[in-house]
Amino acid sequence: FRRPTAVARSADGSRLFVVDADNHRVQVLDAATGAPLAAWGTRIGPAEADAGAAATGSGFVDPFGIAVDAAGGVFVSDRGAHRVLKFSAAGERIGGFGGRGPADRDLWKPGDLAVATDGRIIVVDYGNHRPKLFDADGTWWATFGTGRAVTRDDGRRERPAARPVPRRTGGGER
């Protein structure tokens, strides 16, 4: 692995799906032994993603999050391509959604993923500062929050007061 960023367990508990971000792939491991079973994904550049490779292929610019639904669908967020890809448990690309932008159906650097109890996909839309809810087929359902980052300048979050650092004197005794 080179920079593993997320892990998810198959619905039956037999496999682990690990995002191997710097190798631009998902590695599948036996959950009981840790033995490698499969790997899928290839590296594509941002220009390839913008040109449409992200819409049809299984390549990743910067894979990050992963979630598995009860039907065995594996969802992988790609921060660099601003999308979420859906794979079968065998690694076959079967769908995807997203695209860079501020609209509700768009994503900008999607991060962590989770599957809700009803099967819908929760996506942390890092670049747009809000989580979003989609169907497993990518249909947008809801956006949570304002989509506005809160900073110190907003006056909503105060910086904690600085505390003096105790200094030791003497012979190094504790």
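Everything quoted here is computed from the prediction, not taken from an experiment.

Novice: If you had to explain the overall build of the chain to someone new, which residues and values would you point to?
Specialist: For the chain, the helix and strand inventory stands at 2 helices and 12 strands. Overall, the chain shows an N-to-C arrangement of helices and strands of β-β-β-β-α-α-β-β-β-β-β-β-β-β. Evaluated residue by residue, the chain yields a buried proportion of 36% over its 174 residues. The long-range fraction of contacts in the chain, counting pairs at least 24 apart against all pairs at least 6 apart in sequence, stands at 32%. For the chain, the exposed area adds up to about 10,200 Å²; of that, 51% sits on carbon and sulfur atoms.

Novice: Tell me about the environment of Gly59, and please be specific about residues and values.
Specialist: Among the secondary structure elements, Gly59 is positioned in the loop between helix H2 (53–56) and strand E5 (63–68). Contacts of Gly59, omitting those with residues within four sequence positions, involve Thr42, Ile44, Asp78, Arg83 and Leu85.

Novice: Residues and numbers for the pattern of salt bridges, please.
Specialist: Within the structure shown, the criterion is met by 7 salt bridges. The shortest N-O distance in the salt bridge between Arg3 and Asp22 comes to 2.9 Å. Of this pair, Arg3 sits in the segment before strand E1 (4–9) while Asp22 sits in the loop between strand E2 (15–20) and strand E3 (25–30); the two residues are 19 residues apart in sequence, bridging distant segments of the chain. For Asp22, a relative accessible area of 28% gives the class partly exposed. The salt bridge partner of Lys132 is Asp125, with a shortest N-O separation of 2.8 Å. Grouping residues by exposure puts Lys132 and Asp125 together as buried. Among the charged side chains, a network of salt bridges with common partners joins Arg3, Asp22, Asp62 and Arg79.

Novice: Can you lay out the packing of aromatic side chains for me, pointing to particular residues and giving the numbers?
Specialist: Summed over all chains, the structure comprises 4 aromatic pairs. Taken together, the aromatic side chains of Phe17, Trp40, Phe60 and Phe87 make up a single cluster linked through ring pairs. Between Arg120 and the ring centre of Trp141, over which it is positioned, the NZ or CZ distance is 4.6 Å.

Novice: Tell me about the side chain of Ser88, and please be specific about residues and values.
Specialist: Within the fold, Ser88 resides in the loop between strand E7 (83–87) and strand E8 (93–98). When near neighbours in sequence (up to four residues on either side) are disregarded, Ser88 contacts Trp40, Gly72, Val74 and Ile94.

Novice: Describe the pairing of E5, and please don't skip the residues or the numbers.
Specialist: Counting buried positions over the 6 residues of E5 gives 5, a clear majority of the element. One ladder, built from 4 bridges, connects E5 with strand E6 (residues 74–78); its direction is antiparallel. If you follow Ile66 over to E6, its bridge partner there is Val76. Here E5 folds back onto E6, and the loop between the two strands holds 5 residues, one of which, Gly72, carries a positive phi near 95°.

Novice: Please set out the sheet that holds strand E12 (residues 140–143) residue by residue, giving values where relevant.
Specialist: One open sheet accounts for 4 strands, arranged E9-E10-E11-E12; its pairing is antiparallel. Every other strand in the sheet has two partners, leaving strand E9 (110–115) and E12 as the edge strands with one partner each. Within this sheet the neighbouring strands show an average axis-to-axis angle of 25°, counted without direction. With 3 bridges joining them, strand E11 (residues 130–134) and E12 adopt antiparallel strand pairing. Following the sheet pairing, Leu133 is matched in E12 by Ala142.

Cut-offs and rules
- Residues numbered from 1 in each chain as written.
- Predicted model: local features only at pLDDT ≥ 70, side-chain atom pairs only at ≥ 80, totals over all residues.
- Heavy atoms only, no water.
- Helix = DSSP H or I, 4+ residues; strand = E, 2+ residues; numbered from the N terminus.
- Buried < 20%, exposed > 50% of the residue type's maximum accessible area, 1.4 Å probe, protein only.
- Contact = heavy atoms within 4.5 Å.
- Areas by Shrake-Rupley, 256 points an atom, 1.4 Å probe, with all protein chains shown as cover.
- Salt bridge = Lys/Arg side-chain N within 4 Å of Asp/Glu carboxyl O.
- Phe/Tyr/Trp six-rings, centres within 6.5 Å; stacked < 30°, edge-to-face > 60°.
- Lys NZ or Arg CZ within 6 Å of the ring centre and 35° of its normal.
- Pairing = 2+ DSSP bridges.
- Axes fitted to C-alpha atoms, helices over the stretch in contact; angles between N-to-C directions.

That is the geometry; function is a separate question.
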